[in-house]
Amino acid sequence: MFTSFINFICLSMPVIFSLSCSEKIKMASKPTEPTIEATENINKGKLEQSPIENSLEDEQSISGNGSQIDSSSSRSNNSDNADTRLQFCADGNQNTKITTAPGCPAFLYGSTTNGKNGPSNLVTIDPVTGLAQLIAQIPDFERVSAIDFSPADGKLYGTGERISDQKLFLFTIDCQTAQTTPIGPIHPLPDIELVITDIDFDAAGKLYAFVENPGDDPTFANTLVSVDTSNANITVIGQATIDTSESGNAISRASFESCDIYHAGETSSTRIDVTTGKAFPGPALSFPVNSFTRLAAMDIDPQTQIVYAAYKEDNSSNYLATVDLSTGVVSYASNSPVDAGQRLDGIAVNRLAQLCTCSFCGNGINESGEECDDGNSISEDGCSNTCRIEYCGDGIIQTSRGEECDDGNYSNDGNGCDAQCQRNNVCGNGIVEDAAEACDDSGSGTTCTADCMFPLWESSMGQQLVVGDDYPFSKPLPGFLFRLQGGSAYQNVFINPNGNVTFNDGDPDYTPSLPEFLNGNPRLGTLWADLSPQNGGGVYFNTIGNRVIITWLNAPEYPNIGSNTFQLQFNGFGHVLFSYQGVTLSAALIGITPGNGANDPGETDFSVQIPSFPSSYSTGTSPTIYENFLGNGSTEDFDLANQSTYFVPHQNDDGWGVSMY
């Protein structure tokens, strides 16, 4: 339900108000001040109708510490006590405006149900005592189990079954008379019976609903959908893989770092991604009593950040509760809880925050500090994952956009990269001409690869890493994405002390095996073996231009046997170089694979099948190539010492061209 609390997240503002997206604000577990005075108490199990008293101004402003309501919009803000949870809107106003629905005087509204075909009532609820007051029976509809106020038009929306034909409908409800205005039936397919357990508006007025399907068709079981408030049509976002035994039905926004929706059931809470419907486990729920308890509905107050809930206990009692979604703690709203009366199934907070969208790079809105925003977090599509316009001359090589180089300018200045970001240097003239050339040995192939990409051994090894036994290091790549054949583009590399690097995640495994090589993370296996560089020698990391250099220097086998020196280099063009100097071990696995279930092309005997430069060996279309040295004898021992193996990616398929130096 949430109305428009999203507005507080991640918006640009002066430093004194800044709030990191990673900060999580713990919500209060109980209201501290009464907002609405109860007009009349009711006895347990019985609702009494009485006039509704107006206790909220039509427009409110959160000032200073965010805990007091001020009906005057001109009140000055005390920045010393400013509540950083409520941040600037896009128009730069220091106060976040809070309005209430026109003509709706109460703070909390609820809907009640009475079984499968029983009537539904509209009530007001005192947020401090939990006492309910009857407004009127809701006509034409029953099982009205979900209500919420829209921040877009201020109307109270509800879902329920039309009495005449039991069709599920979306409608609006008059908050003073409970009279309804139908919008339309909610059914993407005519023969599927749907049950909406709770609804929730976001800050922009988009309506989300959590759907159960009690029939045999699993299409809509535990599904997050959006609902068009103009015609009641639904769009399926995705199924939330929650425990289907959970009979709790509540959803709400929460003051966390994302714009996600939270679902709460009988025993657990779940965070649901509003873009995919994917569910992530949340804290276990802790109730005041643990006998037949569940939450039927939730909604959040954007001023106090209190999440209110309809709480069912012992299969008969119904209470107003508050929920701390960061801990899962459910508390009575009152220190002396009183049953609310009928079966309380829906709840709506009558506070509508001024519209401010959830601000982040990738939301499709060009906001302050952004040069562009194309609605995704992908680079090399014209707008980077940091919302900067990408172009030839920005100093970042974008291989997927056809750039061979990028020297940070637009000119043909003779430095090897032209104004169209194409290489115009001359490899083989003995001169290192630009950043695209790492070396140039006049084409002899004695100290440099044939395309001037790598020296066969980089003497500038860089920073020595403080390594422990088998523990990986993560390092960001220097301004480029490494594209691995058959895999994806990666921004970070994980350096595993045992002679290899992986992408997506590190790998501490010191026992190389072919199944793990093919099914694990994407891997550049220079010399995968049980090494202990922490006991002698070391592991070094360096970046030069768009080139990464990782060196194992005098690394012994576990625990401290022999000495092995070798080096891995790769660059932004997807080229890879394995170089070996002194190697004393005999058993190791070497090679390249995108992993994640890669096909096994069969073993390649590097020393036999891979020719010396200028000839090359092709892997065909296979992105995987490997040799497994078992160390069982002279023909199965490692035999590539003092050699280098150079891998050049094919341009038209996922294969490699491989040469020995």
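Quick caveat: nothing in here was measured; it's all calculated off a predicted structure. (Residues numbered from 1 in each chain as written. Predicted model: local features only at pLDDT ≥ 70, side-chain atom pairs only at ≥ 80, totals over all residues. Heavy atoms only, no water.)

Focus: the overall build of the chain
Condition: Secondary structure elements are taken from DSSP: a helix is a run of H or I of four residues or more, a strand is a run of E of two residues or more, and numbering for both begins at the N terminus. Here's how the labels work: a residue is buried when its accessible area is under 20% of the maximum for its type, exposed when over 50%, partly exposed in between, all with a 1.4 Å probe on protein chains only. Whether two residues are in contact is decided by their heavy atoms: any pair within 4.5 Å suffices. Here the accessible surface of atoms and residues is derived via Shrake-Rupley with a 1.4 Å probe, and residues count as covered only by protein chains that are part of the display.
The secondary structure content of the chain amounts to two helices and 39 strands. Here the chain holds 661 residues, and 53% of them are scored as buried. Sequence-distant contacts, at least 24 apart, represent 55% of the contacts inside the chain between residues at least 6 apart. Surface exposure of the chain reaches about 26,400 Å², of which carbon and sulfur atoms provide 47%.

Let's talk about the pairing of strand E17 (residues 279-284)
Note the threshold: A pair of strands is labelled paired if DSSP reports no fewer than 2 bridges between them.
Bridge count for strand E16 (residues 268-272) against E17 is four bridges, and the pairing is antiparallel. Counterpart to Ser 268 in the pairing with E17 is Ala 284. In textbook terms, the turn of a hairpin is the stretch between consecutive antiparallel strands, and for E16 and E17 this stretch comprises six residues, one of which, Gly 277, has a positive phi near 80°.

Points about the sheet that holds strand E38 (residues 644-649)
Ordered by their spatial adjacency, eight strands build an open sheet running E24-E31-E32-E33-E34-E38-E39-E36, and the pairing between neighbours is antiparallel. Both outer strands of the open sheet, strand E24 (463-465) and strand E36 (617-618), are each paired with one neighbouring strand and no more. The pairing of E36 with strand E39 (residues 656-660) spans two bridges and is classified as antiparallel. Considered in E39, the bridge of Tyr 617 is made with Val 658.

A word on the environment of Phe 141
Looking at where Phe 141 falls in the secondary structure, it is placed in strand E6 (residues 132-149). Remark: the alpha-carbon pair of Phe 141 and Leu 168, spanning 27 residues in sequence, is separated by 9.1 Å. Apart from the residues within four sequence positions on either side, Phe 141 is in contact with Ser 120, Gly 160, Glu 161, Arg 162, Ile 163, Phe 169, Phe 171, Thr 180 and Pro 182.

Comments concerning the state of the cysteines
Worth spelling out the cut-off: To count as a disulfide, a pair of cysteine sulfur atoms needs to be within 2.5 Å.
Scanning all chains against the criterion turns up five disulfides. Two residues, Cys 104 and Cys 175, share a disulfide whose sulfurs are 2.0 Å apart. Classification of the bridge connecting Cys 104 and Cys 175 rests on its S-S torsion, roughly -100°, and on that basis the disulfide is left-handed. Of the two residues, Cys 104 is situated in the loop between strand E3 (96-99) and strand E4 (108-113) and Cys 175 in the loop between strand E8 (168-173) and strand E9 (180-185); the sequence distance between them amounts to 71 residues.

Digging into the packing of aromatic side chains
The geometry of an aromatic ring pair is captured by the separation of the ring centres together with the interplanar angle, meaning the angle of the planes. What counts is decided by this rule: Only rings of Phe, Tyr and Trp enter the pairing, Trp through its six-membered ring, and a pair is recorded when the two centres are within 6.5 Å. The plane angle decides the type: under 30 degrees is stacked, over 60 is edge-to-face, the rest tilted. By definition, being over a ring means that NZ of Lys or CZ of Arg is both within 6 Å of the ring centre and within 35 degrees of the ring normal.
Tallying each qualifying case throughout the model produces 23 aromatic pairs. Relative to Phe 503, the ring of Phe 482 has its centre 5.3 Å away and its plane inclined at 25°; by these criteria the two rings are stacked. Within this pair, whereas Phe 482 is found in strand E26 (residues 482-483), its partner Phe 503 is found in the loop between strand E29 (500-502) and helix H1 (514-519), the two being separated by 21 residues in sequence. Taking relative accessible area as the criterion, Phe 482 reaches 0% and is therefore assigned buried. Here Phe 503 falls in the buried class, since its relative accessible area comes to 0%. Considering the side-chain rings of Trp 552 and Phe 566, the 4.9 Å spacing of their centres and the 10° angle between planes classify their relative orientation as stacked. One end of the pair, Trp 552, is in strand E32 (residues 547-557); the other, Phe 566, is in strand E33 (residues 561-571), with 14 residues separating them in the sequence. Here Phe 566 falls in the buried class, since its relative accessible area comes to 0%. What links up through ring pairs into an aromatic cluster is the set Phe 287, Tyr 311, Tyr 319 and Tyr 332. Just above the ring of Trp 528 sits the side chain of Arg 523; from NZ or CZ to the centre is 3.9 Å.

Considering the confidence of the model for the chain
The predicted coordinates should not be examined in detail at positions where pLDDT is low. Rule in force here: The predictor's confidence in any single residue is recorded as pLDDT, a number from 0 to 100.
The predicted model of the chain has a mean per-residue pLDDT of 78, with 76% of residues at 70 or higher. When mean pLDDT is compared element by element in the chain, strand E30 (residues 523-528) scores highest at 98, while strand E2 (residues 69-70) scores lowest at 28. Contacts of residues 1-95 to residues separated by more than four positions or lying in other chains number 261 contacts, the stretch itself having pLDDT below 50.

What to know about the side chain of Glu 458
As a reminder, the rule being used: Here a polar contact is taken to be a pair of N or O atoms separated by no more than 3.5 Å, where protein atoms must pair a possible hydrogen donor with a possible acceptor and residues adjacent in sequence count only if both atoms sit in side chains.
Note that Glu 458 resides in the loop between strand E23 (352-353) and E24. Judged by relative accessible area, which is 9%, Glu 458 ranks as buried. Here Arg 547 takes part through its side chain, which lies 3.0 Å from a polar atom of the side chain of Glu 458. Sequence-distant contacts of Glu 458, defined by excluding residues within four places in its chain, comprise Ile 544, Arg 547, Ile 549, Gln 567 and Gln 569.

Notes on the nonpolar core
The condition is simple: Take the buried residues of types Ala, Val, Leu, Ile, Met, Phe, Trp, Tyr and Cys, join any two whose side-chain atoms come within 4.5 Å, and each joined set is a nonpolar core.
One finds Leu 524, Ile 550, Trp 552, Phe 570 and Val 576 to be the most contacted residues of the largest nonpolar core, which totals 42 residues. Core analysis: the second largest hydrophobic core is formed by 20 residues, Ala 101, Ile 138, Phe 171 and Ala 178 among them.

Observations concerning unusual backbone geometry
The peptide bond linking Tyr 558 to Pro 559 adopts the cis configuration, its omega dihedral lying at -5°. At Asp 140, a position not held by glycine, the phi torsion is positive, near 75°. With respect to the secondary-structure elements, Asp 140 resides in strand E6. The backbone of Asn 554 sits at a positive phi, close to 55°, despite the residue not being glycine. Relative to the helices and strands, Asn 554 resides in strand E32.

Some remarks on the sheet that holds strand E18 (residues 294-300)
For the record, the criterion: Each axis is a line fitted through C-alpha atoms, taken for helices only over the stretch in contact, and angles between the N-to-C directions span 0 to 180 degrees.
Strand order in the open sheet formed by four strands is E18-E19-E20-E21, with antiparallel pairing between adjacent strands. Among the strands making up the open sheet, the edge pair consists of E18 and strand E21 (329-332). Sheet twist, expressed as the average angle between the axes of neighbouring strands with direction ignored, equals 35°. Bridge count between strand E20 (residues 317-324) and E21: four bridges; the pairing is antiparallel. Among the inter-strand pairings, Val 323 is bridged to a residue of E21, identified as Val 330.

Focus: the environment of Pro 594
Position of Pro 594 among the secondary structure elements: in the loop between strand E35 (588-593) and helix H2 (606-609). Measuring from C-alpha to C-alpha, the distance between Pro 594 and Gly 486 comes to 5.7 Å, with 108 residues separating the pair along the chain. Residues contacting Pro 594, with those up to four places away along its chain left out, are Leu 484, Gln 485, Gly 486, Gly 487, Asn 521, Pro 522, Pro 623 and Thr 624.

Details of the side chain of Thr 113
Within the secondary structure, Thr 113 is located in strand E4. There is a polar contact of 2.8 Å between the side chain of Thr 113 and the side chain of Asp 345. Not counting chain neighbours up to four residues away, the residues in contact with Thr 113 comprise Pro 119, Ser 120, Arg 143, Val 144, Ser 145, Arg 343 and Asp 345.

Brief notes about the pairing of strand E11 (residues 207-212)
Summarising burial for E11: five of the six residues are buried, a large majority. As defined by bridge partners, strand E10 (residues 195-201) adjoins E11 across six bridges and the pair is classed as antiparallel. What sits directly across from Asp 198, in E11, is Phe 210. Counted along the chain from E10 to the antiparallel partner E11, the turn is five residues long, and its residue Gly 205 has a positive phi close to 90°. Sheet analysis places E11 next to strand E12 (residues 223-227), joined by five bridges and oriented antiparallel. Within E12, the position partnered with Phe 210 by the bridge is Leu 224.

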